[in-house]
Amino acid sequence: MDSEKAWLDELFRMLSAGEISRREFEEATGHEWWWGDILEGLGKRNLPYPTVEPNRTDTQQRLADEVF
């Protein structure tokens, strides 16, 4: 059980650091997670919320600028 907990702790650390995506996190754990459960898991481990800088094409950026 300790190794399973350590494995999950590492997955949460990787998610927090932006090293893996939510999809990769879910694939590794074998089930879908509610976003609230992910945030709770990060909080229990004193990990910051993940932040990701989007990589947009020029067309996507123009659309985002128009919409927002």
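Our structure is the block above this text.
Per chain, residues are indexed from 1 in the order of the written sequence. Side-chain atom pairs in this predicted model are given and counted only at pLDDT of 80 or more, local residue features only at pLDDT of at least 70, and totals for whole chains, interfaces and linings cover all residues. Note: side-chain values were computed over all heavy atoms of the structure, leaving out hydrogens and water.

Draft legend 1. Local environment of helix 2 (residues 22–29). When we look at burial in helix 2, the residues that qualify are F25, E26 and T29. The buried residues of helix 2 occupy an angular sector of 95° when projected down its axis, which confines them to one face. Opposite the packed face of helix 2, turned more than 90 degrees from it, sit the exposed residues R23 and E27. As for helix 2, its buried residues are in contact with helix 1 (2–16) and helix 3 (35–44). G30 sits one or two positions beyond helix 2 and adopts a positive phi of about 85°. Accessible area is worked out with a 1.4 Å probe on protein chains only. A residue is then buried under 20% of its type maximum, exposed over 50%, and partly exposed in between. Secondary structure elements are taken from DSSP: a helix is a run of H or I of four residues or more, a strand is a run of E of two residues or more, and numbering for both begins at the N terminus. By arc we mean the arc of the directions from the helix axis to the C-beta atoms, nothing more. Only heavy atoms matter for contacts: two residues are in contact if any of them lie within 4.5 Å across the pair.

Draft legend 2. View of the packing of helix 1 against helix 3. Between helix 1 and helix 3, the least distance of the axes is 10 Å, while the angle of their chain directions is 105°. With respect to helix 3, the axis of helix 1 lies roughly perpendicular. Contacts from F12, L15 and S16 of helix 1 reach helix 3 at I38, G41 and L42. Under this grouping Gly is polar, as are all residues other than the nonpolar Ala, Val, Leu, Ile, Met, Phe, Trp, Tyr, Cys and Pro and the charged Asp, Glu, Lys and Arg. When its residues are assigned to classes, the contact of helix 1 with helix 3 shows four nonpolar, two polar and no charged. Note on definitions: angles span 0 to 180 degrees between N-to-C directions of axes, and those axes are lines fitted to C-alpha atoms, for helices only across the stretch in contact. Put simply, angles under 35 degrees are roughly parallel, angles over 145 are roughly antiparallel, angles from 65 to 115 are roughly perpendicular, and the rest are oblique.

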